[in-house]
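# Secondary and tertiary structure notes
Here are the chains, one letter per residue:
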Amino acid sequence: MLVYNSQNHRKQELETIEPGKIRMYVCGPTVYDQIHIGNARTFLSFDVIRRYLMYKGYNVTFAQNLTDVDDKIINRANEEGRSAAEVAEEYSNAFIEQMHRFGILDPDIRPRATREIEAMQEMIQRLIEKEHAYVADNGDVYFSVRSDHQYGILSGRELDQLRAGERVEVNDDKRDPFDFALWKAAKPGEPSWPSPWGDGRPGWHTECCAMIHRYLGTPIDIHGGGQDLVFPHHENETAQAMCAWDHALANYWMHTGMLRVNGDKMSKSLGNFFTLKEILDKYPADAVRLLMLQTHYRSALDFQTDQLDGAVGTLERLRTCVKNLRWAAKNAPEDGNLTDADRALAKASSEAQAEFCRQMDDDFNTAGGLAAIFELVTAANKYLAEAGETIATSVTLRAADTISELAGVLGITLDAVESELPAELVDLARERAGYAGADPEEAAEVLLAARQEARKAKDWGTADAIRDGITALGLVVEDTAAGARLSRA
Ligand code: AMP
Ligand code: ZN
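Note that the coordinates shown come from a computational prediction; the quantities given were computed from them, not determined experimentally.

Quick look at the sheet that holds strand β13 (residues 301-303) now. In spatial order, the strands read β12-β11-β13; together these three strands make up an open sheet with mixed pairing. Two strands lie at the open edges of the sheet, namely β12 (264-265) and β13, each paired on one side alone. Contacting β11 (259-261) and β13, helix α1 (residues 37-55) crosses the sheet at an angle of about 145° to β11.

Printed below as a string of structure tokens:
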């Protein structure tokens, strides 16, 4: 399977450090506000990458930090007259809540910067001892970029070229403008921790590197984040690892393309800035996933808000197809001899599965993977429309399972998690048809059979009473080729 490694700008065969195992880290958010849909795109991409690796049989250990001490958090806390810890707590919880709503799997390890100060100090101490870092007069500790002859290895930038264009914090305490803070001396009113170099707090680049080392061990297999993190964040992460422990931080660096909205960079002033929460308050998570996954993770994604309704329709089409297949299979007689149409559907299922994996094996091409699913849906709908009475149960179920399983690898749920039918149906069936069970699906069948019976006996009163009871629950009787069923109106 091929993975694009941004360190050398090409797709490489995936070779893991330990056979069958993958250790993976994706930089988490700075928790000072609700995350936006650009952040969400990055987290979604890595969720799907992780899910596919698991589907391929890898044992994946996934870590993601929360950056819970940072200038942005401190600024917000000061504006609102509360502590940085309170702000960080609120938005850490908000982040985790929105990730759950978006169907993102929890990381196996979720370290928080403020609880990992010791690991960071150990790393900084090591860098000082190896003369890759120095304590400046202002109490900050800086990493010396000139001491790392490989600096620039990830982003392909050379220090002397950087000088011209790159914006860096100018600061007289640094020996070189590109030196970056490993430890920031405490300022009044800011959170701080004691250290051998005086009270202070860790720098952002230091955090991830120390946490990776502590929780996953270095090097790891895959390190990910958005494209904007390549420089300086990831460049600085890898420089620290190389200098502290004499090996690379990660073997594969993966970066997602930036999300834009309706053709523009997302910004509050343009009025095209959306938090993930705002979008999920209006649209089902799986529809948003479907829309985002139609673009390859490395490409820039132009999020067109007017395509969201279309995505809801596409999701519905997928769910209806699976539902219809299961329904038809349930009501079909035992398999007889397979017809040409049955064999064609069986072949379409195997092909969809193989094509899905071919596409995903090619650097996680989710757009190609989705196309393989859609193709099977088209074949299945055709089969259902044409097969009439001669449904082959095994073939039909296999198509439903394949569509549902492949969508599941993308974190999209197609099979109803619980019965869509209300529990009140059980009472109605008890009252009208003497039903003694407790399953709404079964109650629906009993009611429909009783209604059919009453109609056959020309007992219109009973038939109408059953129908009225059903309608009162917000349901309709749907007549399909495979028989009548109840669904939400
Ligand atoms: P931050 O909290 O700013 O560190 O961002 C969290 C993650 O979201 C990082 O991996 C960023 O690279 C990523 N990210 C930020 N903006 C965008 C965007 N517009 N599109 C895609 N990913 C983004
Ligand atoms: Zn990071």
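By the definition in use, this model includes 33 salt bridges. Where Lys56 meets Asp361, a salt bridge forms, and the shortest distance between an N and an O atom there is 3.0 Å. Of this pair, Lys56 sits in the loop between α1 and β4 (59-63) while Asp361 sits in helix α11 (residues 340-361); the two residues are 305 residues apart in sequence, bridging distant segments of the chain. Its salt-bridge partner being Asp468, residue Arg467 comes within 3.3 Å of it at the nearest N-O pair. Overall, Arg467 belongs to the partly exposed group, its relative accessible area being 36%. What makes Asp468 partly exposed here is its relative accessible area of 42%. Taken together, the salt bridges that share partners define one network made up of Asp33, Arg76, Glu80, Arg82 and Glu90.

It is worth spelling out the nonpolar core at this point. One broad trend across soluble globular proteins is that nonpolar side chains are buried collectively. Of all hydrophobic cores here, the largest spans 93 residues; its most connected members are Leu53, Phe102, Phe303, Phe356, Phe364 and Ile373. Here this core gets 10 residues from one element, more than from any other, and that element is helix α12 (residues 366-387). A domain-level breakdown of this core finds at least three residues from each of domain 1 (2-282) and domain 2 (306-409). Listed in part, the 43 residues of the second largest apolar core include Tyr25, Met123, Phe178 and Ile220.

The next thing to look at is the packing of aromatic side chains. Applying the stated criterion across every chain yields a total of seven aromatic pairs. Ring geometry for Tyr52 against Tyr55: centres 6.1 Å apart, planes inclined by 40°, an arrangement best described as tilted. Of this pair, Tyr52 and Tyr55 both sit in helix α1, three residues apart, roughly one helical turn. In this structure Tyr55 comes out as partly exposed when scored by relative accessible area, which is 28%. Each ring, one from Tyr52 and one from Phe364, has its centre 6.2 Å from the other, and the planes form 90°; the classification is edge-to-face. Of this pair, Tyr52 sits in helix α1 while Phe364 sits in the loop between α11 and α12, and the two are 312 residues apart along the sequence. Clustering of aromatic rings is evident, with ring pairs tying together Tyr52, Tyr55, Phe356 and Phe364. Lying across the ring of Phe102, Arg289 places its NZ or CZ 5.8 Å from the centre.

Our focus in this paragraph is the domain arrangement of the chain. For the chain, the assigned domains are domain 1 (2-282), domain 2 (306-409) and domain 3 (424-488). Computed over C-alpha atoms only, the centres of domain 1 and domain 2 are separated by 40 Å. Summed over both partners, the interface of domain 1 with domain 2 comes to about 1,200 Å²; 60% of that surface belongs to carbon and sulfur atoms. Counting every contact that joins domain 1 to domain 2 gives two salt bridges. For the pair domain 1 and domain 2, the number of links is nine residue pairs in polar contact (both at pLDDT 80 or more). Among the elements of the structure, β1 (2-5) and α1 are those that each provide at least two residues to the side of domain 1 that touches domain 2. It is α1 that provides the largest number of residues to the side of domain 1 that touches domain 2, a total of six residues. When its residues are assigned to classes, the side of domain 1 that touches domain 2 shows 10 nonpolar, no polar and three charged.

Within strand β10 (residues 250-256), six of the seven residues are buried, which leaves it mostly tucked inside the rest of the structure. Judged from the six bridges that link them, strand β9 (residues 220-226) and β10 form a sheet pairing that is parallel. Directly across from Gly225, in β10, lies its bridge partner His255. Once the chain exits β9 it traverses helix α7 (residues 230-245) before rejoining the sheet at β10, and the crossover so formed is right-handed.

In this section: the environment of Glu158. Tracing the sequence through the fold places Glu158 in the loop between β6 (141-143) and α5 (159-165). Judged by its relative accessible area of 51%, Glu158 falls in the exposed class. Along the backbone, Glu158 and Phe364 are 206 residues apart, and their C-alpha atoms lie at a distance of 31 Å.

Procedures and definitions
- Residues numbered from 1 in each chain as written.
- Chains lettered and ligands numbered in written order.
- Predicted model: local features only at pLDDT ≥ 70, side-chain atom pairs only at ≥ 80, totals over all residues.
- Heavy atoms only, no water.
- Pairing = 2+ DSSP bridges.
- Helix = DSSP H or I, 4+ residues; strand = E, 2+ residues; numbered from the N terminus.
- Contact = heavy atoms within 4.5 Å.
- Axes fitted to C-alpha atoms, helices over the stretch in contact; angles between N-to-C directions.
- Salt bridge = Lys/Arg side-chain N within 4 Å of Asp/Glu carboxyl O.
- Buried < 20%, exposed > 50% of the residue type's maximum accessible area, 1.4 Å probe, protein only.
- Core = buried A, V, L, I, M, F, W, Y, C linked by side-chain atoms within 4.5 Å.
- Domains from an automatic or database assignment.
- Phe/Tyr/Trp six-rings, centres within 6.5 Å; stacked < 30°, edge-to-face > 60°.
- Lys NZ or Arg CZ within 6 Å of the ring centre and 35° of its normal.
- Buried area = accessible area lost by both parts, 1.4 Å probe.
- Polar contact = N/O pair within 3.5 Å; in protein donor to acceptor, adjacent residues only side chain to side chain.
- Nonpolar A, V, L, I, M, F, W, Y, C, P; charged D, E, K, R; others polar.
- Right-handed = clockwise from strand over helix to strand, strands pointing away.

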